[in-house]
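Close look at the chain arrangement
Here is how the chains run, residue by residue.
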Amino acid sequence: MIRAALDAGKHVICEKSLTGYFGQENDPAPIGTHVSKQVMYEKVLEDIDSLAKVVQKANTQFMYAENFIYAPAIWKAADIIAKKKSRILFAKGEESLKGSSSPVAGQWNKTGGGTFIRTGTHPLSAILWLKEQEAKAQGKEIRVVSVLADMGRILPQLTEYEHRHIAARPVDVEDCGTVILTFSDSTRAVIMATDTLLGGSRNYVELYCNDAVIHCKLTMNDMMETYFLDEERLDEVEISEMLPSKLGWNRPFLADEFVRGYCNEMKDFIECAYYNRKPMSDFKVAYDSVKITYAAYLSAERGAKVELPS
């Protein structure tokens, strides 16, 4: 679809993730269990390398809809890094929740992976973009040189009763993933994603710099707190994402479409289309994010670090 749209002279807005491995003819099912992650990694690299050539030749814009990059907290962090010329020595990011609302989220051939490609790619892309802003301010290139990951399925061991509060039903995908990145400047980042978190969704990026500490919190924020003894007449009141009950103390999402970056994202994309200029969130972020994600799946399968080609 991306190729067809660019060839037709159209701008493209692509949701995350850019692509994935969804199976090939004669793959044994389920593919997440039976197809080697080496095969998946090589096929995804082949696909995105081919697509990169199409994007580079296009006279229109490819816009990657990664809302984390447009979140005000991430923007402010980038502004600080650029002006202060801080070095990001260690970064940590997470998106976790109780599972997806999609009924096919547990199947690799529908989603291209589990919790990490669905949710972990958000903080991953934000950290990659922030390191890119640091590199520009320093007048150098910084890239990811290796990936070390652990992926697993925890939830299938639960009884139905123990599982009752969690929505995730992984068949051949991971419900827990932790990835360690090593950058070419010897700095590190850790990205975590799980489908085992109750109480709403958890979204943050933390930066430990040589001259600063920056915490970027997208959810849950503490701008407002509520306490309810019952849910009477609250049917039409939205409190927060992935929250099964409104009872007790909660922190409602306020201006969620702005805090999580969606408004800034759409504004940037509309301006990119109007002026035919490059977006903040571009093909490079999309490319690197999916390459690193599948390198992480390969690393978890091998139980060893995966070195990335430049």
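Notes on the structure in this doc start here. Because the structure is a prediction, the values reported are computed rather than measured.

1. Some points on the packing of helix α3 (residues 37–57) against helix α10 (residues 283–302)
- It is at 9 Å that the axes of α3 and α10 come closest, and there the two elements cross at 170°. Put simply, α3 runs roughly antiparallel to α10. Here α3 contributes Lys 37, Gln 38, Met 40, Tyr 41, Val 44, Leu 45, Ile 48, Asp 49, Leu 51, Ala 52 and Val 55 to the contact with α10, which in turn contributes Phe 283, Tyr 287, Val 290, Lys 291, Tyr 294, Ala 295, Tyr 297, Leu 298, Glu 301 and Arg 302.

2. Things to note about the nonpolar core
- In terms of nonpolar packing, the biggest core is built from 73 residues, with Leu 18, Phe 62, Leu 181 and Tyr 294 touching the most fellow members.
- Residue contributions to this core peak at 11 residues, all from α10.
- Setting aside residues no more than four positions away along its own chain, Tyr 294 makes contact with Gly 20, Tyr 21, Met 40, Tyr 41, Val 44, Trp 108, Gly 112 and Ile 117.

3. Thoughts on the environment of Cys 272
- Here Cys 272 shows up in helix α9 (residues 262–275).
- Here Cys 272 falls in the buried class, since its relative accessible area comes to 0%.
- On a C-alpha basis, the gap between Cys 272 and Thr 159 in space is 50 Å, while along the polypeptide they are 113 residues apart.
- Filtering out sequence-adjacent residues up to four positions away, Cys 272 remains in contact with His 11, Gln 61, Met 63, Arg 277, Lys 278 and Pro 279.

4. A few points about the sheet that holds strand β8 (residues 213–219)
- Across the sheet, seven strands lie side by side as β8-β7-β3-β6-β5-β4-β11; this open sheet has mixed pairing. At either end of the open sheet lies a strand with only one pairing partner, and these are β8 and β11 (306–307).
- Each of β3 (88–96), β7 (202–209) and β8 touches helix α5 (residues 72–84); the most contacted strand, β8, lies at about 165° to it.

5. Considerations on the pattern of salt bridges
- Under the defined criterion, the tally for this structure stands at 19 salt bridges.
- Taking the shortest distance from any N to any O, the salt bridge between Arg 169 and Glu 160 comes out at 2.9 Å.
- The exposure class of Arg 169 is partly exposed, given its relative accessible area of 44%.
- Salt bridges sharing common partners tie together Arg 87, Lys 131, Glu 134 and Asp 185.

6. Section: unusual backbone geometry
- With an omega of -10°, the peptide bond running from Lys 16 to Ser 17 counts as cis.
- If you trace the backbone, Ser 17 turns up in the loop between β1 (12–15) and α2 (31–34).
- Cis rather than trans, the peptide bond between Ala 29 and Pro 30 has omega equal to -5°.
- Within the secondary structure layout, Pro 30 lies in the loop between β1 and α2.
- Its identity is not glycine, yet Ser 186 carries a phi of approximately 70°, on the positive side.
- Structurally, Ser 186 can be placed in the loop between β5 (176–183) and β6 (188–194).
- Owing to a relative accessible area of 55%, Ser 186 belongs among the exposed residues under this scheme.

7. A word on the pairing of strand β2 (residues 62–65)
- Neither face of β2 is left uncovered, since the one carrying Phe 62 and Tyr 64 and the one carrying Met 63 and Ala 65 both have all their residues buried.
- In this sheet, β2 lies alongside β1 in parallel orientation, the contact comprising four bridges. Of the residues in β2, the one forming a bridge with Cys 14 is Tyr 64.

8. Here's the deal with the packing of aromatic side chains
- Scanning the model with the defined rule gives nine aromatic pairs in all.
- Centre to centre, the rings of Phe 62 and Phe 283 are 5.2 Å apart; their planes meet at 85°, and the pair counts as edge-to-face. Placement of the pair is Phe 62 in strand β2 and Phe 283 in helix α10, with a sequence separation of 221 residues.
- Residue class for Phe 283 comes out buried when judged on its relative accessible area of 11%.
- With a centroid separation of 6.3 Å and 55° between ring planes, the pair formed by Tyr 70 and Trp 75 is classed as tilted.
- Lying over the aromatic face of Phe 183, Lys 131 brings its terminal NZ or CZ to 5.0 Å of the ring centre.
- One Lys or Arg, Arg 164, reaches over the ring of Tyr 161 and ends 3.7 Å from the middle of that ring.

9. Focus: a nonpolar patch on the surface
- A cluster of nonpolar side chains, Ile 13, Met 266 and Ile 270, forms an exposed patch at the surface whose accessible area comes to about 300 Å².
- Among the structural elements, Ile 270 can be located in helix α9.

Rules of the game
- Residues numbered from 1 in each chain as written.
- Predicted model: local features only at pLDDT ≥ 70, side-chain atom pairs only at ≥ 80, totals over all residues.
- Heavy atoms only, no water.
- Axes fitted to C-alpha atoms, helices over the stretch in contact; angles between N-to-C directions.
- Helix = DSSP H or I, 4+ residues; strand = E, 2+ residues; numbered from the N terminus.
- Parallel < 35°, antiparallel > 145°, perpendicular 65-115°, else oblique.
- Contact = heavy atoms within 4.5 Å.
- Core = buried A, V, L, I, M, F, W, Y, C linked by side-chain atoms within 4.5 Å.
- Buried < 20%, exposed > 50% of the residue type's maximum accessible area, 1.4 Å probe, protein only.
- Pairing = 2+ DSSP bridges.
- Salt bridge = Lys/Arg side-chain N within 4 Å of Asp/Glu carboxyl O.
- Phe/Tyr/Trp six-rings, centres within 6.5 Å; stacked < 30°, edge-to-face > 60°.
- Lys NZ or Arg CZ within 6 Å of the ring centre and 35° of its normal.
- Patch = residues over 30% accessible without salt bridge, like charges linked within 9 Å, V, L, I, M, F, W, Y side chains within 5 Å.
- Areas by Shrake-Rupley, 256 points an atom, 1.4 Å probe, with all protein chains shown as cover.

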